[in-house]
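Residue strings, one per chain:
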Amino acid sequence: MRKIGSYMVFFGLFAIVLNFFDRVPSILMWIYSWGDTTAWVIKLALVVVGAILFFVGGKPEELETPQNSEPEAGE
């Protein structure tokens, strides 16, 4: 979930920044067919939903490894 969220935030911010330079990523060209306002709403929603997925995803779980797999001398 964190990876998908980070990709969504990246593409949303990338589209917003490139919009100021009159460049549009080809993967997001379809959102401009509905007008500029709708395109802004979709880009901002992409950033917000991506950030939510990133933070809800949490840390990746680490595999539990035993600290000391050998029995102690007194056992």
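The structure under discussion appears in the preceding block.
Here the residue numbers are simple positions, counted from 1 along each chain's written sequence. Thresholds applied to this predicted model are a pLDDT of at least 70 for local features of residues and 80 or more for the giving and counting of side-chain atom pairs; totals over whole chains, interfaces and linings are not thresholded and use all residues. Side-chain figures throughout are based on the complete set of non-hydrogen atoms in the structure, without hydrogens or water.

A. Inspection of helix α2 (residues 36–57) at higher detail. For the purposes of this entry, the term helix denotes a DSSP run of H or I that reaches at least four residues, the term strand denotes a run of E that reaches at least two, and both are numbered from the N terminus. For a helix, the expected span equals 1.5 Å multiplied by the number of residues minus one. Given a rise of 1.5 Å per residue, 22 residues ought to cover 32 Å, and the 31 Å separating the end C-alpha atoms of α2 matches this to within 8%. Those residues of α2 lying buried are Ala39, Lys43, Val47 and Gly50. All buried residues of α2 fall inside an arc of 75° around its axis, so they share one side. Facing away from the buried surface of α2 by more than 90 degrees, the exposed residues are Thr37, Val41, Phe55 and Val56. Phi turns positive one or two residues past the end of α2, at Gly58, with a value near 70°. Only protein chains enter the accessibility calculation, which uses a 1.4 Å probe. A residue is then buried if its area is under 20% of the maximum for its type, exposed if over 50%, and partly exposed in between. An arc is given here, and it is the one of the directions from the helix axis to the C-beta atoms.

B. Structural detail: the nonpolar core. The term nonpolar core refers to a set of buried residues drawn from Ala, Val, Leu, Ile, Met, Phe, Trp, Tyr and Cys, joined through side-chain atoms within 4.5 Å. Listed in full, the 5 residues of the largest apolar core are Ala15, Leu28, Ile31, Tyr32 and Ala39. Not counting chain neighbours up to four residues away, the residues in contact with Tyr32 comprise Asn19, Val24, Ala39 and Lys43. We call two residues contacting when some pair of their heavy atoms lies within 4.5 Å.

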